[in-house]
Every structure is written in C-alpha cells, then in structure tokens.
Amino acid sequence: MNTKKISDGIWYLLLAGALVLPFIPGGIENTFHGHVLTMVFLYASMAQAWNIISGYCGQTSFGHAVFFGIGAYGAAMAVVQFNSLPWYGAPVGALVAALVSIPISAPCFRLKGHYFAIATFAIVEIFNRLFMIWDWVGGAIGLDYPILEDGWRNFSWSSDKTGYYLGALFLFALVFGVVRWIDSHRMGYYLRAVREGQETAESLGVNSSLVKLSAMALSAGLAGLCGAFFAQYNYRVDPPMVMSLDMSMKFVLITILGGLGTFWGPLLGAAVLIPLQEYTRAYLAHLGSGVDLIIFGLIIIYTMIRQPTGIMGLIRGLAPRGRDASNDGGDR
Amino acid sequence: MAILTVRNLTKSFGALVANNDISFDVESGTIVGLIGPNGAGKTTLFNCVAGLYRPTSGRITFEDRDITNLPSWRIARMGVARTFQVVRPLKEMTVLENILVGAYMRTGNPAEAMASAKRCMEMSSLSHYMDRRAGGLTIGNKKRLEVARALATGPKLILLDEAAAGLTTTETREMVELILRMKSEGVTILMVEHIMEAIMPIADKLVVLNGGEKIIEDVPGVVVEDPEVIRAYFGEKYSRRLRKGAKEGNDDGRDA
Ligand SMILES: Nc1ncnc2c1ncn2[C@@H]1O[C@H](COP(=O)(O)OP(=O)(O)OP(=O)(O)O)[C@@H](O)[C@H]1O
Ligand SMILES: [Mg+2]
C-alpha cells in the first residue's frame, strides 16, 4: 500500500504546514493571500462534502447549495435573531440540513440516472423562493450581523483575520478527516460499490437505499457546517448568496476539476479555481461580475475534453505504470 | 435437511412464462446442478431465489425461513451469495476492493475484512491481479472475480450462474477444484452450467429445466439416461458420450 503511505504523509505535512503558517511573520495576517487561503479551505471542504454523495456514491446533486444555505442560516439566525452564539447555530443548522436532505432525496433516489440530478436542480429554486418570502429568516433582505466583539466566542474577527483562517483549517481537517476515515472503512467501499453497480452491491449484502440516504445526510450536514462558516465570514446571509445554482455549481466544478470521487480532488480543484476566482474578482472587477464564472466554465470545458478524470487523473497518469495503467485485455 | 426449498415457483414477464410451477429442494452440503437449454429459465430462477426478481407466485425458503419477497441484500445477509452470468465487476474498483465489498458483509473491521478478502482472492487464483482495475480484467478473471466476491460474503449457499462459461479447459478444471473446495468447507452449491464435463462429475443432483418447466430432478446417472432430457437438451450422440463418461467416472473435458 505504497500510495496510501504517500497520501498519509502529504495529509499530515499539509495540516502541520497550514497550522504553523499563521505564526510565521508575514504568513497570512491581513494579507489578501490569507483571505484566499481561507476560501480555498472553505471551498475544498464544501466540495469534499459534496464529493461524498456525488463523487464516491455517484449520485450527482446540484442541490447542495440548499444544505450550505441552511447551515448559513443556522449560524446567522442564532446570532441575529436569538442573540446567541454561532456555536449553537452551526450544529443546529448542520443537523437541520442533514434532516432536510433525507425527505428531499429519498424520492429523488428512486429516479434513475440523470433524472436524479435534474430533480436536485429544482430543489435549489424551491428553497431559494421559500427563503425569499420567509420573513422570520429575513426574507429577500436577509440577515445582517450586528457589531460583535472579536474572538472565538463570537467566531468573528474584524481586524486580524487569522481566526477565520484557523477556523477554515479546522473545518477542512474535520471534513477531510471524516472522508479519510470513510475511505478506509466499510462505508467507503459500500459507497463506491453502489456507484459502480447498485444491484451488484445489493447481491453482496449492501442495503443501497440506506447507504445513499446516510451518505446524503452526512454530506448535507457537513455542507451545513461549511455554510455556517460562510455566514460568519461574510457577516451576513441572504438567499441568492447561499441558495443559488451558482453556488451549487461551484462545489460540482471544483470537484470535477480536481477529480471526482477521489480524496484529494476537492482540495486540488479548490486550490486552482478559488485563487483564480478571488484574483480575477480583485483585478478584473471592472469587467463586471461573473468573469470568475466564465473562467471557471472554460477551465471545466477544457478539463472535460482533455482530462475527464481531473487533476488527480493527471497525477495518476504521471505515476510509474501501476494499477491504473495495467490492463489485462478487457474493456477500459 | 433441505437448506433451500423452491415451491411452485412461477415467474412471468407479460405473456412469457419464464418459470412455470417449479419445485425442488437443495440439500445442505450438496452440489445441485441446474441445467437446460438456452432460455429455459435458469437465470430467471436464480434471480427469483436471490431476490432480484419478485416471483409471480410460489414460495422460496432458505433454512426454513420464507425469503420469497425479501430484498436481495437481506437474502445475501442471510447467507445466499450469487454470481452473475453476465459478469458485473465493480469496474472502477480494483480486484481486491471488489472482494472487500463482499467481505465487509460479515465484519466492519478493516483488518478482518482484508484477511478474509485475501483468502478468497487466493482461493480464486486472483492474487496476481489484486491491484488491477476490475473493468480491465479478461473474461476468465472476471468470472473468477464473481466467485471470489460471492465467496467473500461467507455464504451458506452459493448460486453459480455459468461460472465456467468462456473459460479454457485448464481454467474450467481450476474452477471445478474451487467449487469442490467450497463444498468441502461446508458451502452448499446450486450451479447452472452448460459445460457437462464440469458439472456431471461433481453434482449430487441435477434439476433440468426446459421451456420454463422442470422436466426431471435426479442424480446425474439417471438424468443422462432420461429420454426427455436427451431430446430436449443433450441430443442422442452427445448423450451416448456422456453416459460413457458417467460410467467411467472420468471428467476429461478435452472432447467438449
Ligand atoms: N427481465 C426480463 N424481462 C423479460 N423477459 C425476460 C427477462 N429475463 C429473462 N427473460 C426471458 O425469460 C426466458 C428465460 O430466460 P433465462 O435468462 O432465465 O434463461 P436461461 O435458462 O438462463 O438461458 P441461458 O442458458 O441462455 O442463460 C427467456 O425467454 C428470456 O428472454
Ligand atoms: Mg442464464
């Protein structure tokens, strides 16, 4: 298991490196790079959450903005409406996201193939409209955070943003840690078995409905946590900001670029697309909004044509002829 | 004691009756062969037993429990494993990973699952291909993978649907050895097989289907003498050769 050792090594080195970075003078404090790195960790986490159900389990969801949004509203509601702490709002939001995902996806899972993906599209629109007219959660105006004291208690920082960076890093460690665990345990094998052939998996004792629903709930719950972070970071939330197809597409595109159904894919995709997004926004803002999405789109089209397995596929292709290269005369 | 009983099983697809009122038993610890011409309804019967199809009528019990309308994953967990005639590798997973999926049915512990998967992989002579992508295997290895994966679930009864079809003579002999080894480890076997040289010498009993109906159920020696079976399936010339083979107890497959 050589590749596993390499992957382990990279994982721990990365975490250690990212953790000491803020303590190096000029590392990230109040720099634009600090902001970009924070966003990379956030979007990588979000893409990884999506990857659980859509990459590993093969059920392509375009509805994850809903779960992301519910988590964002969870944190924001706690702070804005209840004068409480995001520490209570975030887990409640994540839990609600997980619970909501079950009745939503159960009927969708009965749909075959692309119809599942299409059904999830509609769900984003439904929730977007619902939150737009729902006064209790601020309607179309959304929720604006009051001025809060900086620090971990409020999970908010206005001057030194190192706290956000570390928060995003912990989120990243949590989501990726969960997927690492899954990957090497029964759940990971069952997810992929369902993706590769549901009837075959069932013939091997896999309760595929349960596997899909639990993967969806876990994926939605983690997406909710990411959303909570997003609300804290932006100090506000409104429906188009979180519950939009744009947002859903980002999670999808990041993962596809990095490598669908792979552990490192979401991070690699985010590491390429997010800096691109942030720097084009900063330096090409005069061209109007949406430039980042145009560039996203072009990169994805190029990837789909030249390297459908994403950056991970590229890396595997560079590795010495091993398991993926070997072919024993059968189909590809 | 019968581990599996099939009673009055009927399965129709619209107007087509693929299984018509079929009844038979599979005794624990034996090898039962299910034979018959193409389209006789053998795979359909397997699919009914394994829970992939819902029978139109009839009753199937496994270890005295009714499994007729249970979902396939439940039946698998009770101890009934099956292979697919048209192989279904989990393509993007490696050979070892495919077998691990089966092994995880009995344990959630990764080390235990790995140990059991490796054992099944060795028994099926697949160790050499352990890290290969299953979709890229040759048909022979895909056939072996079907068996290895089913075996990894630790079944009490295994349903083998033409596990030797498409294999070379040597590979067929290895498959027969594997089946005998499974039997010696206490696994009951119900197998569909067209290669008579593979099934005649090892089957304790044969069940013959034709046009969706059971035409006979008996020991191989009697089945090959049966005029109806000869007419429906073997043909005169072939059957004479088989009778000779059964008498001499030889399993030479070269004249297949
Ligand atoms: N899902 C299905 N829908 C409609 N008809 C089916 C279905 N499955 C099988 N049949 C039909 O049922 C009949 C029996 O098919 P089955 O596959 O069980 O035969 P078999 O004995 O396994 O044949 P072979 O030796 O060729 O594998 C055939 O006429 C087949 O076309
Ligand atoms: Mg068949």
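Analysis parameters
Residues numbered from 1 in each chain as written. Chains lettered and ligands numbered in written order. Predicted model: local features only at pLDDT ≥ 70, side-chain atom pairs only at ≥ 80, totals over all residues. Heavy atoms only, no water. Donors = N, O, S within 2.8 Å, 3.2 Å for Na, K, Ca; no water. Helix = DSSP H or I, 4+ residues; strand = E, 2+ residues; numbered from the N terminus. Contact = heavy atoms within 4.5 Å. Buried area = accessible area lost by both parts, 1.4 Å probe. Salt bridge = Lys/Arg side-chain N within 4 Å of Asp/Glu carboxyl O. Polar contact = N/O pair within 3.5 Å; in protein donor to acceptor, adjacent residues only side chain to side chain. Buried < 20%, exposed > 50% of the residue type's maximum accessible area, 1.4 Å probe, protein only. Pairing = 2+ DSSP bridges. Phe/Tyr/Trp six-rings, centres within 6.5 Å; stacked < 30°, edge-to-face > 60°. Lys NZ or Arg CZ within 6 Å of the ring centre and 35° of its normal. Near = heavy atom within 4 Å. Areas by Shrake-Rupley, 256 points an atom, 1.4 Å probe, with all protein chains shown as cover. Nonpolar A, V, L, I, M, F, W, Y, C, P; charged D, E, K, R; others polar.

(A) Structural context of the coordination of the magnesium ion (ligand 2). At the metal site, the magnesium ion (ligand 2) is ligated by B:T43 (OG1) and B:Q85 (OE1), and these contacts range over 1.9 to 2.1 Å. With B:T43 in helix 1 (residues 42-49) and B:Q85 in the loop between strand 6 (80-82) and helix 3 (95-103), this residue pair connects regions lying 42 residues apart in the sequence.

(B) Broad picture of the interface of chain A and chain B. Taken together, the 27 residues of chain A in the interface contact 35 residues of chain B. Overall, the association of chain A and chain B removes approximately 2,800 Å² of surface from exposure, summing both partners, and the carbon and sulfur fraction of that is 56%. The tally of links between chain A and chain B comes to 2 salt bridges. Two residues, A:R192 and B:E97, come together in a salt bridge whose shortest N-O distance is 3.4 Å. One can count 9 residue pairs in polar contact (both at pLDDT 80 or more) joining chain A with chain B. Among the elements of the structure, helix 7 (186-196) and helix 8 (198-203) of chain A are those that each provide at least two residues to the side of chain A that touches chain B. Looking at which element gives the most residues to the side of chain A that touches chain B, the answer is helix 7 of chain A, with 7 residues.

(C) Up close: helix 1 of chain B. Among the 8 residues of helix 1 of chain B, 7 are classified as buried, and the element is accordingly described as predominantly covered. Every buried residue of helix 1 of chain B is accounted for by B:K42, B:T44, B:L45, B:F46, B:N47, B:C48 and B:V49.

(D) Here's a closer look at the sheet that holds strand 4 (residues 57-62) of chain B. Residues and elements named next belong to chain B. Pairing in this open sheet of 4 strands is antiparallel, and the strands run 2-1-4-5 from one edge to the other. The open sheet has two edge strands, strand 2 (16-27) and strand 5 (65-66), and neither has a second partner. With 8 bridges joining them, strand 1 (residues 2-13) and strand 2 adopt antiparallel strand pairing. Pairing of K11 across the sheet is with N19, part of strand 2.

(E) Geometry of the packing of aromatic side chains. Here the structure, examined in full by the defined rule, presents 32 aromatic pairs over all chains. Geometrically, the ring pair formed by A:F176 and A:F263 is edge-to-face, given 5.4 Å between the ring centres and 75° between the ring planes. Of this pair, A:F176 sits in helix 6 (residues 162-183) while A:F263 sits in the loop between helix 11 (245-258) and helix 12 (265-283), and the two are 87 residues apart along the sequence. For the pair formed by A:F176 and A:F263, the shared burial category is buried. The interplanar angle of 80° and the centroid separation of 4.8 Å between the aromatic rings of A:F263 and A:W264 together place this pair among those described as edge-to-face. One exposure class covers both A:F263 and A:W264, and it is buried. Of the aromatic side chains, those joined through ring pairs into one cluster are A:W87, A:W152, A:F155, A:W157, A:Y164, A:F170, A:F229 and A:Y233. Between B:R88 and the ring centre of B:F84, over which it is positioned, the NZ or CZ distance is 4.1 Å.

(F) The arrangement of the site of ligand 1 in detail. Residue and element names in this part refer to chain B. Among the 14 residues in the neighbourhood of ligand 1, the closest are listed as N38, K42, T43, T44 and Q85. Side-chain polar atom of N38 to an oxygen atom of ligand 1: 2.9 Å apart, as the coordinates give it. Y53 is positioned with one of its side-chain polar atoms (N or O) 3.1 Å from a nitrogen atom of ligand 1. Considered on its own, ligand 1 offers 630 Å² of accessible surface; in the complex 64% of this is hidden by protein. The set of elements that each furnish at least two residues to the shell around ligand 1 consists of strand 2 and helix 1. Ranked by residue count, the leading element in the shell around ligand 1 is helix 1, at 3 residues. Its residues placed into classes, the shell around ligand 1 shows 5 nonpolar, 7 polar and 2 charged.

Keep in mind that these numbers describe shape and distance, not what the molecule does.
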